Amino acid sequence: MANLRTVLAGLELVNPILSASGTFGHGVEMRHMVPPGSLGAWVSKTVTLSPRGGNPMPRIHETEAGFLNSIGLENRGLDAYLADTLPEAAATHAVLITNIGGHTEEEFAVAAARLDERDEVAAIEVNLSCPNVDGGKLPYSTDPATAERVMAGVRAATSKPILAKLSPNVTRIDEIAVACAAGGADGLTVMNTVLGMGVDWRRARPRLATVVGGYSGIAVKPIALRCCWQVRQAVEIPIVGCGGIASAEDVLEFLAVGCTAVQVGTSNFSDPARLARLGDEVSALLDAEGLAGVDAVRDRLHHQLAAVHKA
Ligand SMILES: Cc1cc2nc3c(=O)[nH]c(=O)nc-3n(C[C@H](O)[C@H](O)[C@H](O)COP(=O)(O)O)c2cc1C
């Protein structure tokens, strides 16, 4: 069997397949369907310092292809996460990556400092898509200088590996990637949801109470691949590809553009147990191609793509 072992920002993972934040509970809720050992790591739902009730309903809508959501980072807050969720999740021996959000730059740093004290947390993923109440309504993910400051604050607060989660809703995602790396990110998760909207013309109503929300699922895969590819050209740090991944073929496509690992999100809603099978399916595809492991596929195909890019 092909070797799926992967090192991501210093973390040793059994395979490069992770759950995407907010689509898999905190991981622990899904353990009966997806054994912890079948995944490289669990990524928690976004945790914020204070509890959040989230946005008004309706806040999720299934489109012809994928979801529109505006959950609004509903969560019980960091205290409850540290007291209840983290010990329960750690008891499964899964590798745990905690995704954090904040509404000021300081909130990100405070959350990171508190997670830094906990051995159960292997790494921190910083969700930069939260609205920036410090300096306006735009999310932290859209301005390079702001993104860099958030990452620098988190960097100063923890010695754990930190991943910056980028948004595709920008003109130059490579500039945000460079800024996050300069701020001290050890890796980048690319990408969060694409801004979208749905309407029910018969009832003359938007599909989401917030009108505009985040679009995800198989239809966004080409956008995510493009973002990963552009980011790969701009920075050296590892990339975790995310967006529309639903099969082993999809996983290998993201490795081919230079990702070190991937996250699976919306597809968990249609077949939650699929995540548990993906590793073996990736192995079988690598075996069929005579490739020894995931590093081989990344190096071989990434170099070929780079040559096409330069030609
Ligand atoms: C219902 C739902 C909730 C989500 N919640 C979060 C969240 O709390 N934090 C976060 O960083 N991303 C969140 N996301 C974004 C996903 O983690 C992922 O980046 C995005 O959906 C693209 O991947 P996919 O096409 O595989 O779903 C959420 C996505 C969905 C569909």
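Refer to the structure printed above.
Definitions and limits used
- Residues numbered from 1 in each chain as written.
- Predicted model: local features only at pLDDT ≥ 70, side-chain atom pairs only at ≥ 80, totals over all residues.
- Helix = DSSP H or I, 4+ residues; strand = E, 2+ residues; numbered from the N terminus.
- Rg over C-alpha atoms; globule rule 2.2 N^0.38 Å.
- Buried ≥ 20, exposed ≤ 12 C-beta atoms within 10 Å, placed from the backbone.
- Contact = placed C-beta atoms within 7 Å.
- Pairing = 2+ DSSP bridges.
- Right-handed = clockwise from strand over helix to strand, strands pointing away.
- Axes fitted to C-alpha atoms, helices over the stretch in contact; angles between N-to-C directions.
- Near = placed C-beta within 6 Å.
- Nonpolar A, V, L, I, M, F, W, Y, C, P; charged D, E, K, R; others polar.
- Parallel < 35°, antiparallel > 145°, perpendicular 65-115°, else oblique.
- Left-handed = near helix turned anticlockwise from the far one by under 90°.
- Core = buried A, V, L, I, M, F, W, Y, C linked by C-beta atoms within 7 Å.
- Expected span 1.5 Å × (residues − 1).

Considering the overall build of the chain
Turning to step 1, where the next piece is worked out: A tally of regular secondary structure across the chain gives nine helices and 16 strands.
Turning to step 2, where the next piece is worked out: Computed over the C-alpha atoms, the radius of gyration of the chain is 18 Å, within 12% of the 19 Å expected from 2.2 N^0.38 for a compact globule of 311 residues.
Turning to step 3, where the next piece is worked out: Dimensions along the principal axes, computed over C-alpha positions, put the chain at roughly 50 × 50 × 45 Å.
Turning to step 4, where the next piece is worked out: Looking at the chain as a whole, 51% of its 311 residues are labelled buried.
Turning to step 5, where the next piece is worked out: Of the contacts made within the chain by residues no fewer than 6 positions apart, 71% connect residues no fewer than 24 positions apart.

Here we look at the pairing of strand β15 (residues 239-242)
Turning to step 1, where the next piece is worked out: Burial along β15 is two-sided: I239 and G241 and V240 and C242, pointing in opposite directions, are all buried.
Turning to step 2, where the next piece is worked out: Here β15 runs beside strand β16 (residues 261-264); their pairing, made up of three bridges, is parallel. If you follow V240 over to β16, its bridge partner there is A261.
Turning to step 3, where the next piece is worked out: Each parallel crossover has a hand, and the one from β15 via helix α6 (residues 248-256) to β16 is right-handed.

Regarding the sheet that holds strand β5 (residues 60-62)
Turning to step 1, where the next piece is worked out: Sheet architecture is open: four strands sit in the order β5-β6-β14-β11, paired in antiparallel fashion. Each edge of the sheet is formed by a strand with only one pairing partner; in this case those strands are β5 and β11 (194-197). Adjacent strand axes in the sheet meet at a mean angle of 35° when their direction is disregarded.
Turning to step 2, where the next piece is worked out: Strand direction decides the pairing type here: β11 and strand β14 (residues 212-216), joined by four bridges, are antiparallel. Its bridge partner being in β14, M197 is matched across the sheet by V212.

With respect to the site of the ligand
Turning to step 1, where the next piece is worked out: By nearness alone, 26 residues border the ligand, and A20, G22, S216, G265 and T266 come closest of all.
Turning to step 2, where the next piece is worked out: When the residues that make up the shell around the ligand are grouped by side-chain class, the tally is nine nonpolar, 15 polar and two charged.

What to know about unusual backbone geometry
Turning to step 1, where the next piece is worked out: Note that the residue after M57, namely P58, is joined by a cis bond; omega there is -5°.
Turning to step 2, where the next piece is worked out: With respect to the element layout, P58 can be found in the loop between β4 (42-43) and β5.
Turning to step 3, where the next piece is worked out: One non-glycine residue, H93, lies in positive phi territory at about 70°.
Turning to step 4, where the next piece is worked out: With respect to the element layout, H93 can be found in the loop between α1 (78-90) and β7 (96-100).
Turning to step 5, where the next piece is worked out: Positive phi is not limited to glycine here, since A204 has a value of about 50°.
Turning to step 6, where the next piece is worked out: C-beta crowding within 10 Å serves as the criterion here: with 7 such atoms nearby, A204 is assigned to the exposed category.

Considering the packing of helix α2 (residues 105-116) against helix α3 (residues 144-157)
Turning to step 1, where the next piece is worked out: Following both chains from N to C, one finds α2 and α3 inclined at 25°, their axes separated by 8 Å at the closest point. Put simply, α2 runs roughly parallel to α3. As α2 runs across α3, the sense of the crossing is right-handed. Contact residues: α2 offers E105, F108, A109, A112, A113 and D116, while α3 offers R149, V150, G153, V154, A156 and A157.

Focus: the nonpolar core
For soluble globular proteins, the rule of thumb is that nonpolar side chains tend to be buried together.
Turning to step 1, where the next piece is worked out: Membership of the largest hydrophobic core comes to 91 residues, with the highest contact counts inside it found for V126, C228 and V262.
Turning to step 2, where the next piece is worked out: Dropping the residues within four chain positions of it, V262 is found in contact with P16, I17, L18, V240, G241, C242, I245, V251 and F254.

Overview of the sheet that holds strand β10 (residues 187-190)
Turning to step 1, where the next piece is worked out: Pairing is parallel across the open sheet formed by eight strands, whose spatial order is β3-β16-β15-β10-β9-β8-β7-β4. In the strand order of this sheet, the two ends are held by β3 (17-19) and β4, each with one partner.
Turning to step 2, where the next piece is worked out: As paired elements, β7 and strand β8 (residues 121-127) share five bridges and run parallel to each other. From the neighbouring strand, I97 faces β8, where its bridge partner is A123.
Turning to step 3, where the next piece is worked out: Sheet contacts for helix α5 (residues 221-234): β10 and β15; angle to β15, the most-contacted strand, approximately 165°.

Concerning the packing of α3 against helix α4 (residues 173-183)
Turning to step 1, where the next piece is worked out: Interaxial distance between α3 and α4 falls to 7 Å at its minimum, and their mutual angle equals 25°. With respect to α4, the element α3 is oriented roughly parallel. Where α3 crosses over α4, the two elements pack in a sense that is right-handed. Along the contact surface, α3 presents P144, A145, A147, E148, R149, M151, A152 and R155, while α4 presents E175, I176, A179, C180, A182 and G183.

Concerning α2
Turning to step 1, where the next piece is worked out: Here α2 contains twelve residues, and its C-alpha end-to-end distance of 17 Å stays within 8% of the 16 Å for a straight helix at 1.5 Å per residue.
Turning to step 2, where the next piece is worked out: In this fold, the buried residues of α2 make contact with α1, β7, β8 and α3.

Some details on the environment of T189
Turning to step 1, where the next piece is worked out: Along the chain, T189 falls in strand β10.
Turning to step 2, where the next piece is worked out: Leaving out residues up to four positions away in the same chain, T189 has contacts with E125, L163, K165, L166, V240, C242 and Q263.

Some words on α4
Side chains three or four residues apart in an α-helix point the same way, a direct result of the helix having 3.6 residues per turn.
Turning to step 1, where the next piece is worked out: Three or more residues of α4 are buried, namely I173, I176, A177, A179, C180, A181 and G183.
Turning to step 2, where the next piece is worked out: Where α4 is buried, its residues contact α3, β9 (162-166), β10 and α5.
Turning to step 3, where the next piece is worked out: Positive phi appears at G184, one or two residues downstream of α4, with a value of about 115°.

It is worth stressing that arrangement in space is one thing and function is another; only the former is reported here.
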